[in-house]
Every structure is written in C-alpha cells, then in structure tokens.
Amino acid sequence: MITQVVTLVGVLVGALTSFLATTMAERTRHLRVMATRWDERKLGTYIEYASCVKEISSTGKRARHAAEGTDEQREFLAAMEEAELRRSVLFETLVLLASPKAIEAAHEINRVVWRELRAARSRGSVSAEEGQELMELMNRYHQQARADLGVPHSA
C-alpha cells in the first residue's frame, strides 16, 4: 500500500512539474512574441514620422522657392499641409509607443517643423542654421529610436 501511495505522489509531482514548466515556457514565448510585435510597430512609426518630417521640410522649401500665386506653389503648399496632417497623427502614435527620450526628440523636431510651416505659408525664409538644426534634431531622434529598439549604433 505504501509503495502505491509513493508511486501516486511521484506521478502527481511529475505532472505538476511538467505543467508548471510548460506554462512558464508558453508565457515566456508569448511575452517575446508581444515584445516583437510592439517593436515592429514602433519601428514603423519611427520611420513614418521621420519620412513625414522630411517631406514637410522638402515641400515647404519648394513652396517658398516657387513663384508667388502659381499652381506649382499651391500644389507644394497642399502637399505640405497633407504631410503635416499625417505627421500630427504619427506623432500621437509615437507618444503612445516610443520611449520618453524619443518623444522629447520628436517634440523638438515639431517645433522646428512648425517654424518651417509658418515660413512656407507666409513666404518667409528659413535660415541655414534652422536647416542645420533640423538635421541635428533628426540625428538625435534616430539615436533615441535606435536606443529604444535596442539597435546597436554602427560607426
């Protein structure tokens, strides 16, 4: 009788151990899949936001250099405004997904982009320093995005 009880306890301990090990392995796998899914979403958002900022800057520059009141100028301004709407939505997504340092870098970029938008709308000019500032801020943004995603910086 005692051997049967010991055998039964051994089977129960083995089953419980197997259940716990399988549960932990599945939980770890699920967390890894979820982390990968969010990292893919973050990467896409980081890329789209940066592309949108570049599009705004480029079309704003073209609008400032186009002849006043021409169809070409209106087209560039319309493209710039459309890109600005996309940037605004992407920024909201960025705020939800990105690291605090990446969000702060994007806030700084937004301030420069808004100055460029005002200049394009009023046919003002953007100094070379402001263009350089945007490049430096974009570089900082890229660094923060790489850090958030755990991507090593290659020199």
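Residues numbered from 1 in each chain as written. Predicted model: local features only at pLDDT ≥ 70, side-chain atom pairs only at ≥ 80, totals over all residues. Heavy atoms only, no water.

(A) Highlighting the packing of helix 2 (residues 71–97) against helix 3 (residues 100–122). Orientation of helix 2 relative to helix 3, taken along the N-to-C sense of each, is 165 degrees, at an axis distance of 12 Å. In this view, helix 2 runs roughly antiparallel relative to helix 3, as classed from their interaxial angle. When you trace helix 2 past helix 3, the crossing you get is left-handed. Contacts between helix 2 and helix 3 involve L77, M80, E81, E84, R87, F91, L94 and V95 on the former and, on the latter, I103, A106, H107, N110, V113, W114, L117, A120 and R121. (Axes fitted to C-alpha atoms, helices over the stretch in contact; angles between N-to-C directions. Helix = DSSP H or I, 4+ residues; strand = E, 2+ residues; numbered from the N terminus. Parallel < 35°, antiparallel > 145°, perpendicular 65-115°, else oblique. Left-handed = near helix turned anticlockwise from the far one by under 90°. Contact = heavy atoms within 4.5 Å.)

(B) Here's a closer look at the nonpolar core. If you look at the biggest cluster of nonpolar residues, it comprises 29 residues, and the most contacted ones within it are Y46, Y49, L94, I109 and Y141. Counting residues per element, the ones that place at least two in this core are helix 1 (2–65), helix 2, helix 3 and helix 4 (128–149). In terms of residues, this core owes the most to one element, helix 3, which gives 9 residues. For L94, the residues in contact, after removing those within four places along its chain, are T45, Y46, Y49, I103, A106 and Y141. (Core = buried A, V, L, I, M, F, W, Y, C linked by side-chain atoms within 4.5 Å. Buried < 20%, exposed > 50% of the residue type's maximum accessible area, 1.4 Å probe, protein only.)

(C) The pattern of salt bridges, seen in detail. In the structure shown here, the tally under the stated rule is 9 salt bridges. D39 is the salt-bridge partner of K42, the closest N and O atoms lying 3.8 Å from each other. Taken together, the residues span about one helical turn, with K42 and D39 both in helix 1 at a distance of 3 residues. A salt bridge links E82 to R86, with the nearest nitrogen and oxygen atoms 3.6 Å apart. In this pair, E82 and R86 are both assigned in helix 2, 4 residues apart and thus about one turn of the helix distant. What makes R86 partly exposed here is its relative accessible area of 34%. Look at the salt bridges and you will find they share partners, linking D39, K42 and D148 into a network. (Salt bridge = Lys/Arg side-chain N within 4 Å of Asp/Glu carboxyl O.)

(D) How the structure looks around the environment of A145. Along the chain, A145 falls in helix 4. A residue is classified by how much of its surface remains accessible, and A145, at 8% relative accessible area, is buried. Through-space distance from the C-alpha of A145 to that of L90 is 14 Å; in sequence the pair is 55 residues apart.

(E) Highlighting the environment of G69. You can see G69 is positioned in the loop between helix 1 and helix 2. Residue class for G69 comes out partly exposed when judged on its relative accessible area of 40%.

(F) Fine view of the packing of helix 3 against helix 4. Two elements in contact, helix 3 and helix 4, have axes whose closest approach is 9 Å; the angle formed by their N-to-C orientations is 160 degrees. Relative to helix 4, helix 3 is oriented roughly antiparallel. Like other packed secondary-structure pairs, helix 3 and helix 4 cross with a definite hand, here left-handed. Across from K101, A102, E104, A105, A106, E108, I109, V112, V113, R115 and E116 in helix 3, the residues of helix 4 making contact are E130, E133, L134, L137, M138, R140, Y141 and Q144. Residues of the contact of helix 3 with helix 4, tallied by class, amount to 10 nonpolar, 1 polar and 8 charged. (Nonpolar A, V, L, I, M, F, W, Y, C, P; charged D, E, K, R; others polar.)

Keep in mind these numbers describe shape, not what the thing actually does.
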